[in-house]
Amino acid sequence: MGSLTGPLVLSTGYWEAMFAHVLAARPNEGCGLLAGRNGVPVKFYPCSNAHEQPVVRYRLDERELFAALRELDAAGWDLLAIFHSHPSTPAYPSQTDLDNAYYPDSLYLICSLAESEQPILRGFWLDREQRTITEHPVVIQS
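What counts as what
- Residues numbered from 1 in each chain as written.
- Predicted model: local features only at pLDDT ≥ 70, side-chain atom pairs only at ≥ 80, totals over all residues.
- Heavy atoms only, no water.
- Helix = DSSP H or I, 4+ residues; strand = E, 2+ residues; numbered from the N terminus.
- Rg over C-alpha atoms; globule rule 2.2 N^0.38 Å.
- Buried < 20%, exposed > 50% of the residue type's maximum accessible area, 1.4 Å probe, protein only.
- Contact = heavy atoms within 4.5 Å.
- Areas by Shrake-Rupley, 256 points an atom, 1.4 Å probe, with all protein chains shown as cover.
- Lys, Arg positive; Asp, Glu negative; His and termini not counted.
- Charge placed at Lys NZ, Arg CZ, Asp CG, Glu CD.
- Salt bridge = Lys/Arg side-chain N within 4 Å of Asp/Glu carboxyl O.
- Expected span 1.5 Å × (residues − 1).
- Arc of directions from axis to C-beta.
- Phe/Tyr/Trp six-rings, centres within 6.5 Å; stacked < 30°, edge-to-face > 60°.
- Pairing = 2+ DSSP bridges.

J.: Looking at this structure, how should I read the overall build of the chain?
T.: A count of helical and extended segments in the chain gives three helices and eight strands. Reading the chain from its N terminus to its C terminus gives the helix and strand order β-α-β-β-α-β-α-β-β-β-β. The C-alpha radius of gyration computed for the chain amounts to 14 Å, which stays within 12% of the reference 14 Å derived for 142 residues, consistent with globular compactness. Each of the three principal axes of the chain carries a C-alpha extent, and together these read 35 × 30 × 30 Å. Out of the 142 residues belonging to the chain, those deemed buried represent 42%. Sequence-distant contacts, at least 24 apart, represent 64% of the contacts inside the chain between residues at least 6 apart. Carbon together with sulfur atoms contributes 50% to the accessible area of the chain, which is approximately 7500 Å² in total. Taking the average place of the 10 positive charges on the side chains of the chain and the average place of its 17 negative ones, the gap between the two points comes to 3 Å.

J.: I would appreciate a short explanation of the pattern of salt bridges in the present structure.
T.: Opposite charge on two side chains makes pairing possible when the charged atoms of those side chains draw close. In the structure shown here, the tally under the stated rule is five salt bridges. A salt bridge links Glu135 to Arg122; its shortest N-O distance comes to 2.7 Å. Of this pair, Glu135 sits in strand E7 (residues 132-136) while Arg122 sits in strand E6 (residues 120-127), and the two are 13 residues apart along the sequence. Residue class for Arg122 comes out partly exposed when judged on its relative accessible area of 25%. Its salt-bridge partner being Arg128, residue Glu129 comes within 3.3 Å of it at the nearest N-O pair. Look at Arg128 and you get partly exposed, because its relative accessible area is 27%.

J.: Sorry, what's going on with helix H1 (residues 12-25) here?
T.: The periodicity of an α-helix, 3.6 residues per turn, causes residues three or four positions apart to be oriented the same way. End to end, H1 covers 20 Å across 14 residues, agreeing with the expected 20 Å (1.5 Å per residue, within 8%). Among all positions in H1, only Tyr14, Trp15, Met18, Phe19, His21, Val22 and Ala25 are buried. The buried residues of H1 all sit within an arc of 160° when viewed along its axis, so they share a single face. The exposed set on the far side of H1, more than 90 degrees from its buried face, consists of Glu16 and Ala24.

J.: How should the packing of aromatic side chains be read in this particular structure?
T.: Given two aromatic rings, one states the distance between the centres and the angle between the planes to describe the pair. Counting across every chain of the model gives three aromatic pairs. Centroid distance Trp15 to Phe19: 5.5 Å. Interplanar angle 20°. Geometry classified as stacked. With a gap of four residues between them, Trp15 and Phe19 both fall in helix H1, about one helical turn apart. Arranged with centres 5.8 Å apart and planes meeting at 85°, the rings of Phe44 and Phe83 form a pair that is edge-to-face. Linking Phe44 in strand E3 (residues 40-47) with Phe83 in strand E4 (residues 78-86), this pair joins segments that are 39 residues apart in sequence.

J.: How should the pairing of strand E2 (residues 31-37) be read in this particular structure?
T.: It is a general feature of regular strands that their side chains alternate between the two faces of the sheet. Among the seven residues in E2, six count as buried, and that is most of the element. The loop that links E2 with its antiparallel partner E3 comprises two residues; one of these, Asn38, has a positive phi angle of about 55°. Where E2 meets E4, six bridges bridge the pair, whose relative direction is antiparallel. Within E4, the position partnered with Ala35 by the bridge is Leu79.

So yeah, pure geometry; function would need other evidence.
If you want it as structure tokens, here you go:
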């Protein structure tokens, strides 16, 4: 698991940017990255979903992913979280999400749009080797 010792605290600004991004991607899954320093978010990177079945899967566009990772590295930031949406299913990792969790030190954030009036954001540590899913608290704060 990553280095977050307490809840991930997102400002309403980050949450609104993330939510707007996944709403715009509907009916596809939206995705992106959240950079941080010492567990505090510093930048959200909305990314294109490059998966051939984007309604039910996501894969961050490689060029956007690598450009973001280069910027994170240059700034001394951490890859705090990998973010994606479930347009019509609950905010819980699918088997595919677990199978593709290649960044065990990053939190995985899932936003469910199943009830669009009430989007749900949850965070998880995914360990594909141990096949474990551990929920981590996320707090949205103004």
